[in-house]
Amino acid sequence: MAAPATSRVIAVELNGEQVELEVPARRLLVHFLRDDLGLTGTHIGCDTGNCGACTVHLNGEPVKSCMLLAVQADGARVTTVEGLAPDGELTPLQTSFNEHHALQCGYCTPGMLMSASALLERNPRPSEEDVRLALQGNICRCTGYVNIVEAVLATGGSR
Amino acid sequence: MLLREVEYARPATVEEAVSLLAGYDGARALAGGQTLLNVMKARAAAPDVLVDLADLDDLRTIGFTADGLLEVGAMVTYTQLVGSSEVEVARPILAEVAETIADVQVRNRGTVGGNVCVADPTNHLPPLLVALDARFTIRGQESERTVSADEFFLGVYLTAVGEGELLTKVAVPPSSGAGDGFSGLTVGKHGTYVANAAATVSDAGVRVVLGCVDAVPVRATALEERLAAGDLSEDAVRAAAEGLGETLDPPSDAHGSGEFRRHLAEVSAVRAVLQAASRRKG
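Conventions used here
Residues numbered from 1 in each chain as written. Chains lettered and ligands numbered in written order. Predicted model: local features only at pLDDT ≥ 70, side-chain atom pairs only at ≥ 80, totals over all residues. Domains from an automatic or database assignment. Helix = DSSP H or I, 4+ residues; strand = E, 2+ residues; numbered from the N terminus. Nonpolar A, V, L, I, M, F, W, Y, C, P; charged D, E, K, R; others polar. Core = buried A, V, L, I, M, F, W, Y, C linked by C-beta atoms within 7 Å. Buried ≥ 20, exposed ≤ 12 C-beta atoms within 10 Å, placed from the backbone. Contact = placed C-beta atoms within 7 Å. Axes fitted to C-alpha atoms, helices over the stretch in contact; angles between N-to-C directions. Left-handed = near helix turned anticlockwise from the far one by under 90°. Pairing = 2+ DSSP bridges.

### Digging into the domain arrangement of chain A
All names here are of chain A. What the domain assignment reports for chain A is domain 1 (7-83) and domain 2 (92-155). Averaged C-alpha coordinates put domain 1 and domain 2 at centres separated by 21 Å. Looking at which element gives the most residues to the side of domain 1 that touches domain 2, the answer is strand β3 (residues 55-58), with three residues. Taken together, the residues of the side of domain 1 that touches domain 2 break down into six nonpolar, eight polar and one charged.

Set out below in structure tokens:
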């Protein structure tokens, strides 16, 4: 049985690439992504699990990376906003955000994209109610929700 | 945010987990972490060793016991409860309530075991599980024991799970025609509860349990007795619940005064009982 330790070598499939790195046990996943790997697309908004700006996919499901230790992601598949369009060509969802002006300051956008893309993955034609429920854990402090919801609905072909 | 330094272990079996929890001072089980990591950030908790239960697949299953109880592993997430055909068939209220906890991201990580072991008086599952007469399986190094919901919740953030022990399963009887209800007032849709009530109506009578009004879920036994006569019409339930609030001494906080909570407890109890009664079959 492995004894408890203050650090751990973790192996993560990050945006399709295998990453192996030793991390302190106390490091939050969001800091691992931003500070250790330089993936600053994942934002820190509130640090308390309320705002959803740090949302990433863990094994395909949206989670808040400030409420997960990096060591907890050992062995998992993690996708960040950088992983949505690895070759630089925007996804239909990202294009729709652009077309519908679904961002004002843009701070919440990476989290919105991660929550919305997970929704569209399991429900390709969501209703407005589905979209609003899926984005419940993501706060836009510019309060620009209407255009965000429109952009997701348009991607699903519902508008 | 930088957390206080902590040691981390990820046991492969329940036995290993229990021996780690028993063998290290300041060891604490880490389930989904949706509460624990936040209280660690706030330095309200400072465990020395985190025992991550992530690899304990035995605790992630939903099934039935030999005597027909719906058994939910402590590491089952709210999302799993919502999507479970076993839950839908045997006790759908569990999924209905789990679906209203926080948001998608939290429901993907947060667990049944975490919800009840945190034992925050505003959590969703404690009053519901008391109403459903749940049984909790607690594993220690030497033995395993089962406690009833009435014995499980001991105080604010305090349960029957002692040092060096681990909650492994929560079991509830299948509905068998019983109707279940849950009602309350939250801060924003799917937010923190200010007050809530869970109720179940079956051949055995009515059970009503109040949340957010005391350190632990409160059985409204006087109300249950008044409803035992069987008249569950709206007028009868309202009349039976009258004065329930006055028997309580709930706390005041930013979300509501004690007086307001007394009122909410009464209203929530009425609504939960009426919902349960309307769903009863047979």
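### Let's talk about the nonpolar core
Residues and elements named next belong to chain B. Within the largest apolar cluster, 138 residues are counted, with the highest numbers of intra-cluster contacts made by Val51, Leu53, Leu129, Ala199, Val208, Ala269 and Val273. Per-element tally for this core: the top contributor is helix α12 (residues 258-279), with nine residues. With near-sequence residues (within four places) excluded, Leu53 lies in contact with Ala17, Ala29, Leu30, Ala31, Leu59 and Met75.

### Side note on the domain arrangement of chain B
Residue and element names in this part refer to chain B. Domain boundaries in chain B define domain 1 (7-52), domain 2 (58-172) and domain 3 (179-279). For domain 1 versus domain 2, the distance between C-alpha centres works out to 18 Å. Facing the 12 residues of domain 1 at the interface are 17 residues of domain 2. For the side of domain 1 that touches domain 2, the element with the highest residue contribution is helix α1 (residues 14-23), accounting for six residues. When grouped by side-chain class, the residues that make up the side of domain 1 that touches domain 2 number seven nonpolar, five polar and no charged.

### Describing the packing of helix α11 (residues 234-241) of chain B against α12 of chain B
Residues and elements named next belong to chain B. One way to put it is that α11 packs onto α12 with a least axis distance of 10 Å and a crossing angle of 145 degrees. In this structure, α11 crosses over α12, and the sense of that crossing is right-handed. Listed contacts from α12 to Glu234, Val237, Arg238 and Ala241 of α11 are Glu266, Ala269, Val270, Val273 and Leu274. For the contact of α11 with α12, a count of residues per class yields six nonpolar, no polar and three charged.

### Digging into the sheet that holds strand β7 (residues 144-148) of chain B
All names here are of chain B. Pairing within the open sheet is antiparallel, and its five strands lie in the order β4-β5-β10-β6-β7. Among the strands making up the open sheet, the edge pair consists of β4 (62-64) and β7. Taking the axes of each pair of neighbouring strands and ignoring which way they run, one obtains an average angle of 25 degrees across the sheet. Of the strand pairs in this sheet, strand β5 (residues 70-73) and strand β10 (residues 166-172) are connected by four bridges, and their pairing is antiparallel. For Val72, the partnering residue across the bridge sits in β10 and is Val170. The strands touched by α1 are β6 (135-139) and β10; relative to β10, the strand with the most contacts, the crossing angle is about 125 degrees.

### Comments concerning the sheet that holds β3 of chain A
One key point about sheets: their strands pair by backbone hydrogen bonds, in either a parallel or an antiparallel sense. Residues and elements named next belong to chain A. Overall, mixed pairing links the five strands, which are arranged β2-β1-β5-β3-β4 in an open sheet. Among the strands making up the open sheet, the edge pair consists of β2 (17-24) and β4 (61-64). Here the average twist between neighbouring strands, direction ignored, is 40 degrees. Strand direction decides the pairing type here: β3 and β4, joined by four bridges, are antiparallel.

### Focus on the interface of chain B and chain A
Taken together, the contacts link 29 residues of chain B with 27 residues of chain A. Among the elements of the structure, β1 (7-9), α1, α2 (36-41), β3 (49-52) and α6 (104-109) of chain B are those that each provide at least two residues to the side of chain B that touches chain A. Take the side of chain B that touches chain A: its biggest share by element is five residues, from α6 of chain B. Of the residues contributing to the side of chain B that touches chain A, the split by class is 15 nonpolar, six polar and eight charged.

### Points about the environment of Glu151 of chain B
Residues and elements named next belong to chain B. Relative to the elements of secondary structure, Glu151 occurs in helix α9 (residues 149-152). Of the residues examined, Glu151 has 12 C-beta atoms within 10 Å and is grouped as exposed. Spatially, the C-alpha atom of Glu151 lies 19 Å from that of Gly73, the residues being 78 residues apart in sequence.

### Digging into the pairing of strand β12 (residues 193-202) of chain B
All names here are of chain B. With respect to burial, β12 is a largely interior element, nine of its 10 residues being buried. By the bridge criterion, eight bridges tie strand β11 (residues 179-186) to β12 in an arrangement that is antiparallel. Bridge pairing in β12 links Ser183 to Ala197. Count of turn residues in the β11/β12 antiparallel hairpin: six residues, of which Gly188 carries a positive phi of about 75 degrees. Of the pairings in the sheet, the one linking β12 to strand β13 (residues 205-211) comprises seven bridges and is antiparallel in character. Looking at the pairing, Ala199 lines up with Val208 of β13. What sits between the antiparallel neighbours β12 and β13 is a turn of two residues.

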